[in-house]
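Below, each chain spelled out in residue letters.
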Amino acid sequence: MYYIFSATKPLDMIAYEEFLHTVLPDEFYFEAYNTRQGYIEIDTSISEILHSSIHMMNEDLGYSITILSTPILSPLTSYLLSQLQTLKPSGYITLAEACLLMLLNKDEVVRNGVYDLFKRVEPKLMEDIITFVKCGCNVINTAKVLYLHRNTLNYRIRKFEGLVGLDLRNVEHIQLVWLYSVLKENGI
């Protein structure tokens with residue numbers, strides 16, 4: 001897996017690589033293209049670590065860094081990273097989320113329509129459902145993350161499904177929740 005990074009101003013690459021060694025659990029390959037961009041290659045998924053530490057990284061190093069996770073290096077990933085500097089100047093984002101942001105950023109009707117789908121859902125319940133989707137729709141793992149009993153989580157899932165008319169066993173319905181979370185997290 002590759003984690004391409006881009007900063008809004010030149011990075012001290014030695015300090016950045018040292019910081020990565022403090023937060024990443026495994027050995028990784030680090031390459032800088034220039035003083036603002038480069039990538040990390042690592043065998044294991046470090047998405048959760050980067051997602052949770054990106055703000056700390058930006059504060060500690062004094063930079064605005066965007067990290068794009070991707071299974072491939074391609075012209076598409078380079079293009080997306082350059083465009084994300086205006087849409088999301090700092091933070092962690094996946095390749096699929098970046099593509100989606102670029103597509104949706106131009107279409108207000110679709111964006112508003114997605115928000116309307118979930119307007120009847122209270123914020124805490126929506127957060128729980130988003131966590132459920134991000135945990136691969138696994139009730140046991142999600143219950144652990146949310147510090148809930150799995151029966152309580154199942155009750156909340158049924159409540160959500162009743163409010164919005166979706167079935168969270170259907171991949172197309174799950175994608176709508178994921179889409180909503182991407183829009184919400186990126187302020188679009």
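Please read all numbers here as calculations on a predicted model, not as lab measurements.

(A) Molecular detail of the side chain of Glu161. With respect to the secondary-structure elements, Glu161 resides in helix α8 (residues 150–164). There is a polar contact of 2.7 Å between the side chain of Glu161 and the backbone nitrogen of Leu168. The contact partners of Glu161, leaving out residues within four places of it in the chain, are Leu166, Asp167, Leu168 and Arg169.

(B) Molecular detail of the packing of aromatic side chains. Inspection of the entire model under this criterion finds nine aromatic pairs. Their ring planes at 70 degrees and their centres at 5.6 Å tell us that Tyr2 and Tyr39 sit as a pair that is edge-to-face. With Tyr2 in strand β1 (residues 2–7) and Tyr39 in strand β3 (residues 37–41), this residue pair connects regions lying 37 residues apart in the sequence. By the burial criterion, Tyr2 is buried, and Tyr39 matches it.

(C) Representation of unusual backbone geometry within the structure. Non-glycine residue Cys137 carries a positive phi angle of around 60 degrees. Mapping Cys137 onto the fold places it in the loop between α6 (123–134) and α7 (139–146). Positioned with a positive phi, Tyr147 is a non-glycine residue whose angle comes to about 55 degrees. In this structure, Tyr147 sits in the loop between α7 and α8. Using a relative accessible area of 78% as the deciding quantity, one classes Tyr147 as exposed.

(D) Local environment of the packing of helix α1 (residues 13–23) against helix α2 (residues 47–61). Remark: α1 packs on α2, axes separated minimally by 11 Å, with the N-to-C direction vectors making an angle of 140 degrees. By the angle between their directions, the pair α1 and α2 is classed as oblique. Every pair of crossing elements has a handedness; the one defined by α1 and α2 is right-handed. Residues Ala15, Tyr16, Phe19, Leu20 and Val23 of α1 form the contact with α2, whose own contacting residues are Ile49, Ser53, Met56, Met57, Asp60 and Leu61.

(E) Highlighting the state of the cysteines. Applying the stated criterion across every chain, the model contains zero disulfides. The closest cysteine sulfur to the non-disulfide-bonded Cys135 is located on Cys137, 9.2 Å from its own sulfur.

(F) Quick look at the pattern of salt bridges. Throughout the structure, instances matching the rule amount to five salt bridges. When salt bridges with common partners are traced through the structure, they connect Lys124, Asp128 and Arg156 into a single cluster.

(G) Local environment of α8. Here α8 spans 21 Å end to end across 15 residues, near enough to the 21 Å set by a 1.5 Å rise per residue. The secondary structure elements touched by the buried residues of α8 are α5 (108–117), α6, α7 and α9 (171–185). Positive backbone phi, at 75 degrees, marks Gly165, one or two positions downstream of α8.

(H) Just the nonpolar core, in detail. Phe118, Met126, Leu153, Phe160, Leu168 and Val177 are the most contacted members of the largest nonpolar core, which has 40 residues in total. Mapped onto this core, the elements with two or more residues apiece are β1, α3 (75–87), α4 (95–104), α6, α7, α8 and α9. One finds Tyr3, Met13, Tyr16 and Phe19 within the second-largest nonpolar core, a separate group that totals 22 residues.

(I) Here's a closer look at α6. Helix length check: α6 (12 residues) gives 16 Å between terminal C-alpha atoms against 16 Å at 1.5 Å per residue, within 8%. Here α6 has its buried residues at Leu125, Met126, Asp128, Ile129, Ile130, Phe132 and Val133.

Calculation notes
Residues numbered from 1 in each chain as written. Predicted model: local features only at pLDDT ≥ 70, side-chain atom pairs only at ≥ 80, totals over all residues. Heavy atoms only, no water. Helix = DSSP H or I, 4+ residues; strand = E, 2+ residues; numbered from the N terminus. Polar contact = N/O pair within 3.5 Å; in protein donor to acceptor, adjacent residues only side chain to side chain. Contact = heavy atoms within 4.5 Å. Phe/Tyr/Trp six-rings, centres within 6.5 Å; stacked < 30°, edge-to-face > 60°. Buried < 20%, exposed > 50% of the residue type's maximum accessible area, 1.4 Å probe, protein only. Axes fitted to C-alpha atoms, helices over the stretch in contact; angles between N-to-C directions. Parallel < 35°, antiparallel > 145°, perpendicular 65-115°, else oblique. Left-handed = near helix turned anticlockwise from the far one by under 90°. Disulfide = S-S within 2.5 Å. Salt bridge = Lys/Arg side-chain N within 4 Å of Asp/Glu carboxyl O. Expected span 1.5 Å × (residues − 1). Core = buried A, V, L, I, M, F, W, Y, C linked by side-chain atoms within 4.5 Å.

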